[in-house]
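Residue-level listing of the chains:
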Amino acid sequence: TTGAPALLDAGALTTAVGAEALARVGSGEVLLCARAAGTALGLAGCDGEGIAAVLGGVGACASAALRDSSVADFLAALVGPTLQLRVVDGEVQLGGAPGVWVFDFGGGSSRDAEVLVTLFDGGAGSSGVTSLPSARSDAAGCALVHRDALAAVPSRDTRGARATGAVDERGVLTMSLLDDVNDSAARAASLTLNENCDPDVRVDMAAALARVAANALGASAAPADERAGVCALGAMIGGSVCVPLADGRPLTGTWQGVWLARHAEGAQDARIAAQLLPARAQTTLSVSAGGRGAVDITEKVRDAVSAAAGGSESGAVHVFVRHTSAALVLGALRSARELEEAASAVVPRAWHYEFFRHTAEGEDDMVGHIKSTLLGVSVCVPVRGGELALPEGAGVLLVEHHDGGGWGGGSERQIVVTLL
């Protein structure tokens, strides 16, 4: 990398994974992990330099809450150093994008950026596809598509399991937007997990995401257009969500649902693909952040992996928080204490009074939902020889966005750890 985004296209990914290995996998996933500090991975259809310019604007909005050296750390955590891609019939699926952009926020000098690649075989019958109703998928804004998305879940029970999301396996379910959800120029939509009850949350979310993009465009030091703003939202939020399963059902929290967030008008109807990866072990942790801020839970995750892997196995560990006002990121430990403040600079509490409808639960609530969607509620970390293969200087961070923990539940957050 030279400071500008580098593109890993389908050919490069096939070479990295190995064509023979891909051919042996009927359906599965590839997990990519950028190991260098300050680097991140994103799928987006338009010019990588335009996206990077918008992301630089996001960093400028956050910079008041950060030391200069931490802006790169914040952007790398926001976009994320890992990315999961579907494998179908021996080919890596890129969701309509020309490839995977490798963003280097750490400086302008040329350097090598290692990307660790892990291939998972889902096995026969482990994938499925569903189409979303056009009324939910063809207009800008946010729609709750939880039940529709779960219709893609592979199941042998044809008498109702698809409606409930019941499957025969314990593991992790990845739901991804397929290629035809986006036009040829931009990733125009994302999947996210957030509040499943009050529709005002979805109205506020759509307005807030549009404002995040507009503010970033205004603060960008390099030229960028609205299309790049749309792509940047897609790169930050992502085109897939990953949910742990136990006893055949998704382990989403009480208030969590799958959303389709459409960032622009005019894109095609959406289809969602589901991929199930079986688990080797699974456990649930209870963690308290004690209020707004970030908590390093790396050792707790490492202990869970060590207990299950026995010190010799490779694969990955999926970590998921079952709440809508908290997040999980792979972030730099040196700047963890500033992470939530930076997110709050991008999504300020002033919006609670300016345009939010969902206001009954306090001024920290709706901004917490937005920050949770931007940062994400799960991470997937490669495991090599029974050890976490984390990016340089990074850890698994629980980010609490509420002043005093979750609504009605105190400060304890439930975190599901699944070894794949």
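The preceding data block contains the structure.
So, here's what we can say about the structure. Note that the structure is predicted; figures quoted are calculated from it, not measured. (Residues numbered from 1 in each chain as written. Predicted model: local features only at pLDDT ≥ 70, side-chain atom pairs only at ≥ 80, totals over all residues. Heavy atoms only, no water.)

A closer look at the nonpolar core
Here is step 1 of the chain: Counting 54 residues, the largest nonpolar core has Ile 51, Phe 74 and Phe 105 as the members making the most contacts within it.
Here is step 2 of the chain: Ranked by residues supplied to this core, first place goes to helix 4 (residues 71-79) with eight residues.
Here is step 3 of the chain: The next biggest cluster of nonpolar side chains, apart from the first, holds 48 residues, and it includes Ala 189, Ile 272, Ile 297 and Leu 330. (Core = buried A, V, L, I, M, F, W, Y, C linked by side-chain atoms within 4.5 Å. Buried < 20%, exposed > 50% of the residue type's maximum accessible area, 1.4 Å probe, protein only. Helix = DSSP H or I, 4+ residues; strand = E, 2+ residues; numbered from the N terminus.)

Description of the pairing of strand 11 (residues 189-195)
Regular strands show a simple pattern: their side chains alternate between the two faces of the sheet.
Here is step 1 of the chain: For strand 11, the buried fraction is high: seven of the seven residues fall into the buried class.
Here is step 2 of the chain: Relative to strand 14 (residues 256-262), strand 11 runs antiparallel, the two being bridged by seven bridges. Among the inter-strand pairings, Glu 195 is bridged to a residue of strand 14, identified as Gln 256. (Pairing = 2+ DSSP bridges.)

Comments concerning the pattern of salt bridges
Where charged atoms from two side chains of opposite charge approach closely, those side chains can pair.
Here is step 1 of the chain: Here the structure, examined in full by the defined rule, presents 14 salt bridges.
Here is step 2 of the chain: Where Asp 200 meets Arg 357, a salt bridge forms, and the shortest distance between an N and an O atom there is 3.9 Å. Taken as a pair, Asp 200 in helix 8 (residues 199-219) and Arg 357 in the loop between helix 12 (350-354) and helix 13 (365-375) lie far apart in primary sequence, 157 residues in all.
Here is step 3 of the chain: With a shortest N-O distance of 2.5 Å, Asp 403 and Arg 349 are connected by a salt bridge. Here the residue Asp 403 occupies a position in the loop between strand 22 (394-400) and strand 23 (412-419), and Arg 349 occupies one in the loop between helix 11 (336-346) and helix 12, the gap between them amounting to 54 residues.
Here is step 4 of the chain: Residues joined by salt bridges that share partners form a network here, namely Arg 292, Glu 340, Glu 341, Arg 349, Glu 363, Lys 371 and Asp 403. (Salt bridge = Lys/Arg side-chain N within 4 Å of Asp/Glu carboxyl O.)

Considerations on the pairing of strand 22
Here is step 1 of the chain: Buried residues dominate strand 22, accounting for seven of its seven residues.
Here is step 2 of the chain: Pairing of strand 17 (residues 293-296) with strand 22 involves four bridges; the strand directions are antiparallel. Bridging across to strand 22, Gly 293 finds its partner in Glu 400.
Here is step 3 of the chain: For strand 19 (residues 326-332) and strand 22, the ladder comprises seven bridges, and the chain directions are antiparallel. Counterpart to Val 329 in the pairing with strand 22 is Leu 397.

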